[in-house]
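Letter by letter, the chains look like this.
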Amino acid sequence: MSLNIWHPFTQHGLGEPIPEIARAEGAALYRADGTEIIDAISSWWVQTHGHCHPKIVAAIQEQSARLDQIIFAGWTHPPARALAEGLADFLPESLAHIFFSDSGSTAVEVALKMALGYWHNRGEARHKILVMEHSYHGDTIGAMSVGARGVFNRAYAPLLFDVGTLSFPEAGAEQRTLEELEAYCRNPDDPPAALIVEPLILGAGGMKIYTPAVLAQMAAICRAHGVLFIADEVMTGWGRTGTVFACEQAGVEPDILCMAKGLTGGVIPLAVTAASDAIYKAHFSEDRAQMFFHSSSFTANPIACAAASANLAIWRNEPVKQRIDAIIASHQAFARRLQRKANISGLRQCGTILALEIDDGAGDYMSDFGPRLLRFFRDRDILLRPLGNTIYIMPPYCITAEQLESVYRVIEEAIDHFEPS
Ligand SMILES: *Cc1c(COP(=O)(O)O)cnc(C)c1O
């Protein structure tokens, strides 16, 4: 007898098989019988250097035998200090304060609470959070509130708090988004506390891309009106868009930056919410009522911090940038190959992420096209998980040219297979 395992984002009623993976190495996953599956989405956008990187494995083994867990409220430990020191080389100087948590969603909750706490402690009534259409910031109630509404959160909609939504800055319509932001910022009756955005690319919302120029302009408008600018780099951080953080491409230094997924190389959960001096100072006082009221049991777990420091060491000592650039060049060549296909649209690339839509006529997330595509890739031993009819590749940086070519071939096969007759 065993209890039933309830999987995330899985409709068990459809009876789809749930393949089991026994081990992994680099960009390859292996079934118990030795079947190899190429991990073309970095195990849901988290793995950056590939599975079971020896340096991260060693750091975890070593740290877990030395100090496994310790309360972080009022206590500290060497792996947290080492990580804080290491992160200073990767973040702008203006983000001098880091707060640990356990996932992207909690990093976002922390960011929202920091922003609201900032205004509260300054004695200014600002509660409105601005968001971008199609965004995704996580699945907890606060994170869902600042994300797009839809079938994913319909059951909880009455509990989600109200936000101000900016149109997605489609190419050619960027001005509209900026004007909407300006209008929200100028409203004296309900001045915004903060704007939260996924910089350059909206992940779960469908791999939607906008320009660094718009990102820079949004940040500038926020700055001009004292509205806090929160960058959710949970997915974009750690090299995904071609630079360590996406904000770098726009020369933007946010007031608050969230990172999670790739922070430990995508091996164990850890998140950081980095904040500016002003945010920290608003909570710094002799009054205990003004402290930052947030914690979770595993805040700054030493094993997770050691894994994150190993990730930083890999960035320092291995040709990570060259690996990323090779993927970018390879995707560009593949995109040229795809230009001959008639039944695709929206071919786009942001760093190591390549995305396109297969035109099937139906196209929304709930049509059965997504599951059919999923099955198609699963049957061919490629881990790809389309968002509706949007196919995207987001590989670990260690993926070989041969593995990448296998992924491309299967995508071409899918495009031909699903051609409307
Ligand atoms: C994945 C993701 C999150 C949520 O992270 P979890 O670790 O799954 O809670 C938040 N924001 C963005 C942009 C994400 O892609």
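First, a word on what this report is: a plain description of the structure on this page.

Rules of the game
- Residues numbered from 1 in each chain as written.
- Predicted model: local features only at pLDDT ≥ 70, side-chain atom pairs only at ≥ 80, totals over all residues.
- Heavy atoms only, no water.
- Helix = DSSP H or I, 4+ residues; strand = E, 2+ residues; numbered from the N terminus.
- Buried < 20%, exposed > 50% of the residue type's maximum accessible area, 1.4 Å probe, protein only.
- Lys, Arg positive; Asp, Glu negative; His and termini not counted.
- Salt bridge = Lys/Arg side-chain N within 4 Å of Asp/Glu carboxyl O.
- Polar contact = N/O pair within 3.5 Å; in protein donor to acceptor, adjacent residues only side chain to side chain.
- Contact = heavy atoms within 4.5 Å.
- Near = heavy atom within 4 Å.
- Nonpolar A, V, L, I, M, F, W, Y, C, P; charged D, E, K, R; others polar.

Turning our eyes to something else, we now look at the side chain of Asp39. Tracing the sequence through the fold places Asp39 in strand E3 (residues 36-39). One buried charge, Asp39, has no salt-bridge partner; the nearest side chain with opposite charge is Arg240, at 8.2 Å. There is a polar contact of 3.4 Å between the side chain of Asp39 and the backbone nitrogen of Ile41.

Glancing now at the pattern of salt bridges. Tallying each qualifying case throughout the model produces 21 salt bridges. In this structure, the salt-bridge partner of Arg223 is Asp255, at a minimum N-O distance of 3.3 Å. Separated by 32 residues along the polypeptide, Arg223 in helix H7 (residues 212-224) and Asp255 in the loop between strand E10 (228-232) and strand E11 (256-259) bring together distant segments of the chain. You can call Arg223 exposed: its relative accessible area is 52%.

Looking now at the side chain of Ser105. Turning to its location among the elements, Ser105 is positioned in helix H4 (residues 104-122). Residue Ser105 is classed as buried on the basis of its relative accessible area, which comes to 16%. Not counting residues within four places of it along the chain, the set of residues in contact with Ser105 comprises His137, Gly138, Asp139, Thr140 and Ala143.

The subject of this paragraph is the site of the ligand. Taken together, Trp45, Ser103, Gly104, Ser105, Tyr136, His137, Gly138, Glu198, Asp232, Val234, Met235 and Lys261 make up the full set of residues near the ligand. Take Gly104: an N or O atom from its main chain is 2.8 Å from an oxygen atom of the ligand. At a separation of 2.6 Å, an oxygen atom of the ligand approaches a polar side-chain atom of Ser105. Broken down by class, the residue content of the shell around the ligand amounts to four nonpolar, five polar and three charged.

Turning to unusual backbone geometry, a few remarks are in order. One non-glycine residue, Trp44, lies in the positive phi region at around 70°. Among the structural elements, Trp44 can be located in helix H1 (residues 42-45). The phi torsion at Ala300 lies on the positive side, around 60°, for a residue other than glycine. Assignment of secondary structure puts Ala300 in the loop between helix H8 (277-283) and helix H9 (302-317). Residue classification places Ala300 among the buried residues on the basis of a relative accessible area of 0%.

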